[in-house]
Amino acid sequence: MFILEKRPTPSRFWMAATPVLAVILTMIAGGVMFAILGKDPFEAVRTIFWDPLFDPQFSGYSRPQLLVKAGPLILIAVGLSLGFRAGIWNIGAEGQYIMGAIFGAAAGLAFYPSENRLIFPLMVAAGAFGGWVWAMIPAILRTRFRTNEILVSLLLVYVAQSLLASMALGALRSPDGGGFPGSRNLSQWATSANPELIAGTGMHWGVVAAFIAVIASYILLQRHILGFQIRLAGEAPRAARFAGVNPNRLVVLCMGVSGALAGLAGLFEVTGPAGQISIDFNSGYGFTAIIVAFLGRLNPIGILLAGLLMALTYIGGELAQFMLGLPSAAIQAFQGMLLFFLLAVDMLGNYRIRLGFGRAA
């Protein structure tokens, strides 16, 4: 019989080791799933994790794409992690990502075809503002009416998706598109483009923003009083109140920062890889970033590494679909397994597993 025995203090070893163990278990369970689908599990796992980086046939394309895919995931996950550390659960980053893209694209298209260099900075500010505005709705409802920010932020994702479809079919639809949904191509318009900064690397301004967000959040959490208040509010809410931390102010701040960063991710995506507002613009980055945040243990450096790993599963998953004929749903399930196993083995940080008889802790 297995008994869970609570540890006197959380194990630092297991807190650091659980993400690695979760990845290993995901590979094993994913291999079983691929075998059930009639594919060679070893070849599938190799195609997802190894070939995009080290196979000369694919690495020339895949390596630059790693930063392109990781940028928005890291940017969104860093913002979410601040709220999660404080016990504020913003699950609607996908909606804030969409609204950032809509606001940013609208700000740029309003000046089309002007070639003023100030247009792109204006679009960046508008994208951050759009995500911030969308995040303020659940923040204000929680602080004023004590609503649940999980439900409100999640439901607002579907509102944002409806607005995205409306913009693609209506106000932002390209007059030169022959009636097809979608805005003008922003990536081909010089003043609104988000180009590759160093040829062959995949690095654009969104990647730069992601690295800046990692550094800034690390300094905030380790060196600033606000970071201490965020950590204290999540670990000991009663102690935080005694210390004078204003919970409503923290909710507004954390939701606002996470919304603004998600909005920036949407803006950089619509001016870069996506290139335009379209009905299917949203690619699930806002939801995947939740996995990245927890896989990185809500630590900025961990999120950076987790974002690169998750981006690798995106690129490797696309490669596996093309080379091995794996269905996209199987790749999505494989990515979801990461969060499932991370949550499952996370208890090892707080509990020991013992053999014997007796009452479970």
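Thresholds applied
Residues numbered from 1 in each chain as written. Predicted model: local features only at pLDDT ≥ 70, side-chain atom pairs only at ≥ 80, totals over all residues. Heavy atoms only, no water. Helix = DSSP H or I, 4+ residues; strand = E, 2+ residues; numbered from the N terminus. Buried < 20%, exposed > 50% of the residue type's maximum accessible area, 1.4 Å probe, protein only. Contact = heavy atoms within 4.5 Å. Phe/Tyr/Trp six-rings, centres within 6.5 Å; stacked < 30°, edge-to-face > 60°. Lys NZ or Arg CZ within 6 Å of the ring centre and 35° of its normal. Core = buried A, V, L, I, M, F, W, Y, C linked by side-chain atoms within 4.5 Å. Expected span 1.5 Å × (residues − 1). Arc of directions from axis to C-beta. Polar contact = N/O pair within 3.5 Å; in protein donor to acceptor, adjacent residues only side chain to side chain. Salt bridge = Lys/Arg side-chain N within 4 Å of Asp/Glu carboxyl O. Axes fitted to C-alpha atoms, helices over the stretch in contact; angles between N-to-C directions. Left-handed = near helix turned anticlockwise from the far one by under 90°. Nonpolar A, V, L, I, M, F, W, Y, C, P; charged D, E, K, R; others polar.

Draft legend 1. Expanded view of the side chain of Ser-278. Its location among the elements puts Ser-278 in the loop between α11 (247-270) and α12 (285-295). Judged by relative accessible area, Ser-278 falls into the buried class, the value being 13%. Other than its neighbours up to four places away in sequence, Ser-278 contacts Leu-164, Ala-168 and Gly-182.

Draft legend 2. Quick peek at the packing of aromatic side chains. By the definition in use, this model includes 14 aromatic pairs. Centre to centre, the rings of Tyr-97 and Tyr-285 are 5.9 Å apart; their planes meet at 90°, and the pair counts as edge-to-face. In this pair, Tyr-97 is assigned in helix α5 (residues 93-109) and Tyr-285 in helix α12, connecting sequence segments 188 residues apart. Both rings, one in Phe-340 and one in Phe-341, keep their centres 5.3 Å apart while their planes meet at 80°; by these two values the pair is edge-to-face. What makes Phe-341 buried here is its relative accessible area of 16%. Here a set of aromatic residues connected by ring pairs shows up, and it is made of Tyr-97, Phe-281, Tyr-285 and Tyr-314. Here the basic side chain of Lys-6 rests over the ring of Tyr-351, its NZ or CZ set 5.1 Å away from the ring centre.

Draft legend 3. Seen up close, the nonpolar core. Ranked by internal contacts, the top residues of the largest apolar core, which has 82 residues, are Phe-34, Ile-74, Leu-75, Ile-76, Val-270 and Ile-277. In contact with Ile-277, not counting residues within four places along its chain, are Ala-101, Ile-102, Ala-105, Leu-164, Ala-168, Leu-172, Gly-182, Ser-183 and Val-270. Formed by 17 residues, the second largest nonpolar core is a distinct cluster that contains Leu-82, Leu-220, Leu-226 and Cys-254.

Draft legend 4. The arrangement of the environment of Ile-219 in detail. Its location among the elements puts Ile-219 in helix α8 (residues 205-223). Residues Ile-219 and Pro-300, 81 residues apart in the sequence, show an inter-C-alpha distance of 9.5 Å.

Draft legend 5. Broad picture of unusual backbone geometry. Between Tyr-112 and the following residue, Pro-113, the backbone shows a cis peptide bond with an omega angle of 0°. Looking at the element boundaries, Pro-113 is found in the loop between α5 and α6 (119-145). Backbone geometry places Arg-146, a non-glycine residue, at a positive phi of 60°. The exposure class of Arg-146 is exposed, given its relative accessible area of 60%. Backbone geometry places Leu-298, a non-glycine residue, at a positive phi of 60°. As for its placement among the helices and strands, Leu-298 is situated in the loop between α12 and α13 (300-324).

Draft legend 6. Helix α7 (residues 149-169), seen in detail. The terminal C-alpha atoms of α7 lie 30 Å apart, and with 21 residues this matches the ideal 30 Å at 1.5 Å per residue to within 8%. Within α7, burial applies to Glu-149, Val-152, Ser-153, Leu-156, Val-157, Ala-160, Leu-164 and Ala-168. One side of α7 holds all its buried residues, which, seen down the axis, span an arc of 155°. For α7, exposure combined with an orientation more than 90 degrees from the buried face picks out Leu-151, Leu-155 and Ser-162. Of the surrounding elements, those touching the buried residues of α7 are α5, α6 and α12. Of the residues that open α7, the one with a side-chain oxygen 2.7 Å from the backbone nitrogen of Ile-150 is Asn-148.

Draft legend 7. Quick look at the environment of Ala-274. Topologically, Ala-274 is positioned in the loop between α11 and α12. Relative accessible area serves as the criterion here: at 37%, Ala-274 is assigned to the partly exposed category. It is 19 Å that separates the C-alpha atoms of Ala-274 and Ala-260, two residues lying 14 residues apart in sequence. In this structure Ala-274 touches Glu-269 and Phe-281, once residues within four positions along its chain are discounted.

Draft legend 8. Fine view of the pattern of salt bridges. One pass over the full model with this rule turns up 7 salt bridges. One salt bridge in this structure joins Glu-318 and Lys-69, with 3.4 Å as the shortest N-O distance. One end of the pair, Glu-318, is in helix α13; the other, Lys-69, is in helix α4 (residues 56-85), with 249 residues separating them in the sequence. Of the residues examined, Glu-318 reaches a relative accessible area of 39% and is grouped as partly exposed. Classification of Lys-69 by relative accessible area gives buried; the value is 15%. Here the residues in one salt-bridge network are Glu-5, Arg-352 and Arg-354, joined through shared partners.

Draft legend 9. Main features of the packing of α6 against α11. Viewed as axis vectors pointing N to C, α6 and α11 meet at an angle of 145°, and their least axial separation amounts to 6 Å. Where α6 crosses over α11, the handedness of that crossing is right-handed. Among the residues forming the contact of α6 with α11, the class breakdown is 16 nonpolar, 7 polar and 1 charged.

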